Amino acid sequence: MGVATPVQTDVVLVHWPEDEGRRQALVAQGAPCLLLVAPDCDPPVLEGNLEDWIRVPADERDLYARIRRLHDLAAPLADAPTVDEEDLFHHGGRWIGLPASEAALARVLLANFGKLVGRQQLEAKLLTGGEGSRVIDSQVHRLRHRIAPLGFTVTAVRGRGYVLETSPQGE
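Parameters at a glance
- Residues numbered from 1 in each chain as written.
- Predicted model: local features only at pLDDT ≥ 70, side-chain atom pairs only at ≥ 80, totals over all residues.
- Heavy atoms only, no water.
- Pairing = 2+ DSSP bridges.
- Helix = DSSP H or I, 4+ residues; strand = E, 2+ residues; numbered from the N terminus.
- Axes fitted to C-alpha atoms, helices over the stretch in contact; angles between N-to-C directions.
- Buried < 20%, exposed > 50% of the residue type's maximum accessible area, 1.4 Å probe, protein only.
- Contact = heavy atoms within 4.5 Å.

## Digging into the sheet that holds strand E1 (residues 12–16)
As a general point, the strands of a sheet are linked pairwise by backbone hydrogen bonds and lie either parallel or antiparallel.
1) Next: Ordered by their spatial adjacency, three strands build an open sheet running E1-E2-E3, and the pairing between neighbours is parallel. On the outer flanks of this sheet lie E1 and strand E3 (51–55), each paired with one strand and no other. Here the strands of the sheet are splayed against their neighbours by 30° on average, with no regard to which way each runs.
2) Next: Here five bridges tie E1 to strand E2 (residues 33–37), and the two strands are oriented parallel to one another. Of the residues in E2, the one forming a bridge with His 15 is Leu 36.

## Focus: the environment of Gly 114
1) Next: If you trace the backbone, Gly 114 turns up in the loop between helix H3 (100–111) and strand E7 (117–118).
2) Next: Take Gly 114: its relative accessible area is 47%, and that puts it in the partly exposed class.
3) Next: In the structure, Gly 114 is positioned 50 residues away from Leu 164 in sequence and 5.6 Å away in space, judged by C-alpha atoms.
4) Next: Not counting residues up to four positions away in its chain, the partners in contact with Gly 114 are Val 163 and Leu 164.

## Examining the sheet that holds strand E9 (residues 161–166)
1) Next: Spatial strand order, E7-E9-E8: three strands in an open sheet with antiparallel pairing. The open sheet has two edge strands with one neighbour each: E7 and strand E8 (152–157).
2) Next: In terms of strand pairing, E7 meets E9 through two bridges, oriented antiparallel. Bridge pairing links Gly 118 to Gly 161 in E9.

Spelled out as structure tokens, the structure:
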């Protein structure tokens with residue numbers, strides 16, 4: 001068995017505990033990082049799924065295996081959907097144009113991807129006036145159809161709000 005091949009990655013190697021400040025900045029950015037723990041230190045408490053540690057000196061194969069794992073965890077996040085300033089919904093190298101009101105709705109939902117967004121929050125963002133409920137329902141209906149080809153759906157939670165998420169396989 002040969003030596004593991006280095007991987008191209010955006011995983012940041014951080015010496016711990018001496019680079020704790022840098023670590024905190026990377027955690028705040030959501031960057032994947034591998035903490036290189038000094039031999040005489042206790043291992044750190046990890047601050048999320050995009051962090052791992054290894055004691056140094058480390059076997060090269062173990063080091064690359066941990067880097068690969070972090071890279072694989074971070075890869076789906078690197079291609080997260082976005083709505084740009086031109087109201088284009090982007091994902092996976094594809095895009096679809098949205099009307100301004102649907103783009104505003106999509107931005108709120110994307111900022112809370114996978115989480116419930118209350119109707120009041122959406123109404124406030126869209127400034128719907130007194131027709132809030134019907135306007136939101138109509139906008140969500142149209143947005144749902146526009147983003148479906150890119151693999152996303154907006155699920156209604158009756159009486160509470162909406163959740164933007166990836167479409168189940170096969171739909």
